[in-house]
Amino acid sequence: MEAYLGFQLVERRPRQIALTPAGQELFPKLQTAFDTLGEAFAMLDKDVEQSLVRVTTTYAFAERWLVPRLGDFFDQHGDIRVEVETDDDVLDLRADRLDLAIRYGPHTAVSEQAEVLLSDRYIPVSLAECPDTGLQDTRLLGFRWRNPEMGGPTWEEWFKEAGEAFPTDQITRFSDESAAFNALDQGLGSLLSSSALVADGLSSGRYRQIPGPELSGFAYSLVLNPLSRNKRGVKIFADWIMHAAQQA
């Protein structure tokens, strides 16, 4: 294409490539055509089966929401294979050959290509069997947000909303949300959690919600790879997960 046009579209660097200003201007106009070509090639690619669905989501969402519901999906659609790629980073669906993603972020970041599955809020919870000693005398479990610019809810915010002093010496932080959940399950303290991820535990009586403020959360959204939108398995999985989210 560069030879045909007579100017450079891509800067070639030692470990990566980047679009030139001309390439950036041209790419949006060609993206639909590239997707159509990619979809046509995918139909001929024996490695991309109609019955295989590749899903990416966060560790915590996979562990706490998706995996407990997959049994229902397989009961209904035993001929469809599912591969789950857990990663707290946002993966490129095209480059990583993934069919769909369940992503988490502000409602304002949801594009027209994404459909909201669940909206949440942040609430403090503990194991139901743990004594109710009050949060000032309880170990607090927290985790570092991988995307701090999102401004995710924190214990500091919660205590401010509650009008109480924040007990800084009572908090134990983990590098990720999934580890903080494991600490909660071990009875190590109370966790400020996404309501969507503890709903099942609250319903079963495993967890107990601690009275107090509820902080605004974000949205879990379903994003499809345009190259996969016509795959039979992807259509079925997307319909199933939307229905499952409505029932949650």
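Reading guide: rules and limits
Residues numbered from 1 in each chain as written. Predicted model: local features only at pLDDT ≥ 70, side-chain atom pairs only at ≥ 80, totals over all residues. Heavy atoms only, no water. Helix = DSSP H or I, 4+ residues; strand = E, 2+ residues; numbered from the N terminus. Buried < 20%, exposed > 50% of the residue type's maximum accessible area, 1.4 Å probe, protein only. Contact = heavy atoms within 4.5 Å. Areas by Shrake-Rupley, 256 points an atom, 1.4 Å probe, with all protein chains shown as cover. Expected span 1.5 Å × (residues − 1). Bend = angle between axes of the 7 residues up to and from the residue. Arc of directions from axis to C-beta.

Asker: Looking at this model, I keep getting lost on the overall build of the protein. Mind explaining?
Answerer: Of regular secondary structure, the protein possesses seven helices and eleven strands. Expressed as a percentage of the 248 residues in the protein, the buried residues total 43%. Residue pairs in contact within the protein that sit at least 24 positions apart in sequence constitute 78% of those at least 6 positions apart. Taken as a whole, the protein presents about 13900 Å² of accessible surface, with 52% of it coming from carbon and sulfur.

Asker: It is not clear to me how helix H3 (residues 59–76) should be interpreted in this structure. Could you clarify?
Answerer: One turn of the α-helix equals 3.6 residues, which is why residues spaced by three or four share an orientation. Taking 1.5 Å of rise per residue, 18 residues should cover 26 Å, and H3 covers 25 Å from first to last C-alpha, within 8% of that figure. By the largest-angle criterion, Leu 66 marks the main kink of H3, which is about 45°, and a proline, Pro 68, follows within four residues. If you check which residues of H3 are buried, you get Ala 60, Phe 61, Ala 62, Arg 64, Trp 65, Leu 66, Arg 69, Leu 70 and Phe 73.

Asker: What am I meant to see in helix H4 (residues 155–162) here?
Answerer: Restricting attention to buried positions, one finds in H4 the residues Trp 155, Trp 158 and Phe 159. Down the axis of H4, the sector holding all buried residues measures 95°, keeping them to one side. Across from the buried face of H4, at angles greater than 90 degrees, the exposed residues are Lys 160 and Glu 161. Here the buried face of H4 lies against strand S6 (114–127), strand S7 (140–143), strand S8 (171–174), strand S9 (190–194) and strand S11 (215–224). At the C-terminal side of H4, Gly 163 shows a positive phi close to 75°.

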